[in-house]
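Okay, here's what each chain looks like letter by letter:
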Amino acid sequence: MYKATRDYAKQQDKLDELSTYRKQFHIPKDKHGNELIYLTGNSLGLQPKSTKSYIDQELEDWANLGVEGHTEAKNPWLAYHEFLTESMAKVVGAKPIEVIVMNTLTANLHFMMVSFYKPTKTRYKILIESDAFPSDKYAVESQLRHHGFDDKDGLILWKPRDGEELLRDKDLETILKEHGDNIALIMIGGVNYYTGQYFDLKKITDLGHQHGCTVGFDCAHGAGNVELNLHDSGADFAVWCTYKYLNSGPGSLAGCFVHERHAHNKNLNRFTGWWSHNKQTRFNMRHEFDVLPGAEGWQLSNPPILSMAAIKASLDMFHDVGIKKLTKKSKALTGYFEFLLKELGEGMIKIITPEHPEERGCQLSIQVLNADKTLHHKLTEAGIISDWREPDVIRCAPVPLYNSFQDVYNMVEKLKSILND
């Protein structure tokens, strides 16, 4: 059983088989040189100390080799994206043929909708969760308008019940029974950014397919956080960023998943560019377009090497640890965090993230009685880097690669002190 003591937290850190990885990250410090309690890996992951050497290698090869670096660099640039594929596939639970790192998140979402949103006069609507990340909502609304539909009439929202924060599968079933024949695409955030609720991707996919809908997921808050098992989910596509739990740096490249059943469908509509063309004839320049099989066939441009080097630094670490060990620690660390918050008093703290460990990742979304954003400012002044989301939620994500049991213990102690002032 958990114990609300500093000694217990220290003991758990000593027993933690992943505790040494914390030393492999740069932990932000205050002006006095003290490490901050960083709980916002769900917004921007910390920098691995190895990132600089990975980027420096490419800078060195560029300096010494110039254009020859495409073939002669230590990690030849022409095929650089391939160095990421296997590790990324393991992170998201996919086959290598189903995964590609390219572009950025919302751009990838649009590229996927070019292929998988195929509206007709009667089946054109898009279903998303009512509190989807704004960028997802803006993207699907613009797709509706692009195809000549009204973006309000064409959008169906999966909403929580009155007085609740979380979404229920039963309500999704009801929506599909009533509107399934009119829905062309279901596009859900795999882990909701606000509540931290992790949806049953396979259940949603099966429901959608039963009603003839295409199904995709935005896994920005899931990749590197939970076991997504994208292949087994049967989803048609998924997209995610790499700068949150995957620690690749601000605004870095994103990932795409396209299920292998679509891998060899050359007739599937898509936007194309020379990097989605047959590798054997790509540089002959005068061949008609011949699309690559699998997710690689959705690429457009040659890969930005410096950004990919940062991703490689992080993915090499993920490859060493494995997603199963990460999620095991995550459940213990988040469970301890939840226990400590509840010790402050049920009337004072409300956690809107699901209690069941299988229905969440490491993020806990906290509401504090009668609090406003000044509480978040006080936490920041106390050395706690968390995330405020309107109207009244503080999001905290104890990331298993670099957060400790002492981090969450110290955070709750500081929160308690602020509340008692």
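The structure under discussion appears in the preceding block.
1. Quick word on helix H10 (residues 305–321)
Here H10 is 17 residues long and its end C-alpha atoms lie 24 Å apart, about the 24 Å a rise of 1.5 Å per residue gives. Counting buried positions along H10 yields 12 of 17 residues, so the element is predominantly enclosed. Among the residues of H10, those classed as buried are Ile305, Met308, Ala309, Ala310, Ile311, Lys312, Ala313, Ser314, Leu315, Met317, Phe318 and Val321.

2. A few points about empty space enclosed by the protein
Summed over all chains, the structure comprises one cavity of 30 Å³ or more. Computed from the structure, the largest cavity encloses a volume of approximately 30 Å³. As for the largest cavity, its lining consists of Ile366, Val368, Leu379, Ile394, Met411 and Leu415. Only strand S10 (364–368) and helix H13 (405–420) provide two or more residues apiece to the lining of the largest cavity. For the lining of the largest cavity, the class distribution of residues is six nonpolar, no polar and no charged.

3. Structural notes on a nonpolar patch on the surface
On the surface, a nonpolar cluster with roughly 300 Å² of combined accessible area is contributed by Leu59, Trp62 and Leu306. By the element assignment, Leu306 lies in helix H10.

4. Considerations on the nonpolar core
The biggest cluster of nonpolar side chains holds 63 residues, and the ones touching the most others in it are Trp240 and Leu401. With eight residues, H10 is the largest single contributor of residues to this core. Counting 30 residues, the second-largest nonpolar core is a separate cluster that includes Met112, Ala132, Met187 and Leu268.

5. Side note on the pattern of salt bridges
Applying the stated criterion across every chain, the model contains 28 salt bridges. Two residues, Arg360 and Glu338, come together in a salt bridge whose shortest N-O distance is 3.2 Å. Here the residue Arg360 occupies a position in the loop between strand S9 (349–351) and S10, and Glu338 occupies one in helix H11 (residues 323–343), the gap between them amounting to 22 residues. Of the two residues examined, Arg360 and Glu338, each falls in the buried class. Asp387 is the partner of Arg395 in a salt bridge, and the nearest nitrogen-oxygen pair spans 2.6 Å. For the pair formed by Arg395 and Asp387, the shared burial category is buried. Among the charged side chains, a network of salt bridges with common partners joins Glu338, Lys342, Glu355 and Arg360.

6. Here we look at the packing of helix H12 (residues 373–381) against H13
Geometry of a packed helix pair, given as the angle between the helix axes and the separation of the axes. Remark: H12 packs on H13, axes separated minimally by 10 Å, with the N-to-C direction vectors making an angle of 125°. In terms of axis orientation, H12 runs oblique to H13. In this structure, the crossing between H12 and H13 has a hand that is right-handed. Along its contact with H12, which presents Leu375, Lys378 and Leu379, the element H13 presents Leu415, Ile418 and Leu419. Of the residues assigned to the contact of H12 with H13, the class counts are five nonpolar, no polar and one charged.

7. Focus: unusual backbone geometry
Following Glu390, the chain continues to Pro391 via a peptide bond in cis, the omega torsion being 5°. Its location among the elements puts Pro391 in the loop between strand S12 (387–389) and strand S13 (393–396). For Asn103, which is not a glycine, the phi torsion comes out positive at approximately 50°. Looking at where Asn103 falls in the secondary structure, it is placed in the loop between strand S2 (99–102) and helix H5 (105–116). Here Asn103 falls in the partly exposed class, since its relative accessible area comes to 24%. With a phi close to 50°, Asn229 is a non-glycine residue in the positive phi region. By the secondary structure assignment, Asn229 is in the loop between strand S6 (214–218) and helix H9 (230–233).

8. Some details on the sheet that holds strand S4 (residues 155–158)
In any sheet, the strands associate via hydrogen bonds between backbone groups, in a parallel or an antiparallel arrangement. The seven strands are arranged S2-S8-S7-S6-S5-S3-S4 in an open sheet whose pairing can be described as mixed. The two strands at the open ends of the sheet, each matched to only one other strand, are S2 and S4. The sheet shows a mean angle of 20° between the axes of neighbouring strands, taken without regard to direction. Where strand S3 (residues 125–129) lies against strand S5 (residues 183–189), three bridges are found, and the strand directions are parallel.

9. What to know about the environment of Asp421
Turning to its location among the elements, Asp421 is positioned in the segment after H13. A residue is classified by how much of its surface remains accessible, and Asp421, at 80% relative accessible area, is exposed. C-alpha separation for the pair Asp421 and Lys152, spaced 269 residues apart in sequence, amounts to 47 Å.

Thresholds applied
Residues numbered from 1 in each chain as written. Predicted model: local features only at pLDDT ≥ 70, side-chain atom pairs only at ≥ 80, totals over all residues. Heavy atoms only, no water. Helix = DSSP H or I, 4+ residues; strand = E, 2+ residues; numbered from the N terminus. Expected span 1.5 Å × (residues − 1). Buried < 20%, exposed > 50% of the residue type's maximum accessible area, 1.4 Å probe, protein only. 1 Å grid on protein atoms, 1.4 Å probe; cavity = no way out; pocket = protein on both sides within 12 Å on 5 of 7 lines; lining within 4 Å. Points joined across faces, edges and corners; volume = space filled by probe spheres on them. Nonpolar A, V, L, I, M, F, W, Y, C, P; charged D, E, K, R; others polar. Patch = residues over 30% accessible without salt bridge, like charges linked within 9 Å, V, L, I, M, F, W, Y side chains within 5 Å. Areas by Shrake-Rupley, 256 points an atom, 1.4 Å probe, with all protein chains shown as cover. Salt bridge = Lys/Arg side-chain N within 4 Å of Asp/Glu carboxyl O. Core = buried A, V, L, I, M, F, W, Y, C linked by side-chain atoms within 4.5 Å. Axes fitted to C-alpha atoms, helices over the stretch in contact; angles between N-to-C directions. Parallel < 35°, antiparallel > 145°, perpendicular 65-115°, else oblique. Left-handed = near helix turned anticlockwise from the far one by under 90°. Contact = heavy atoms within 4.5 Å. Pairing = 2+ DSSP bridges.

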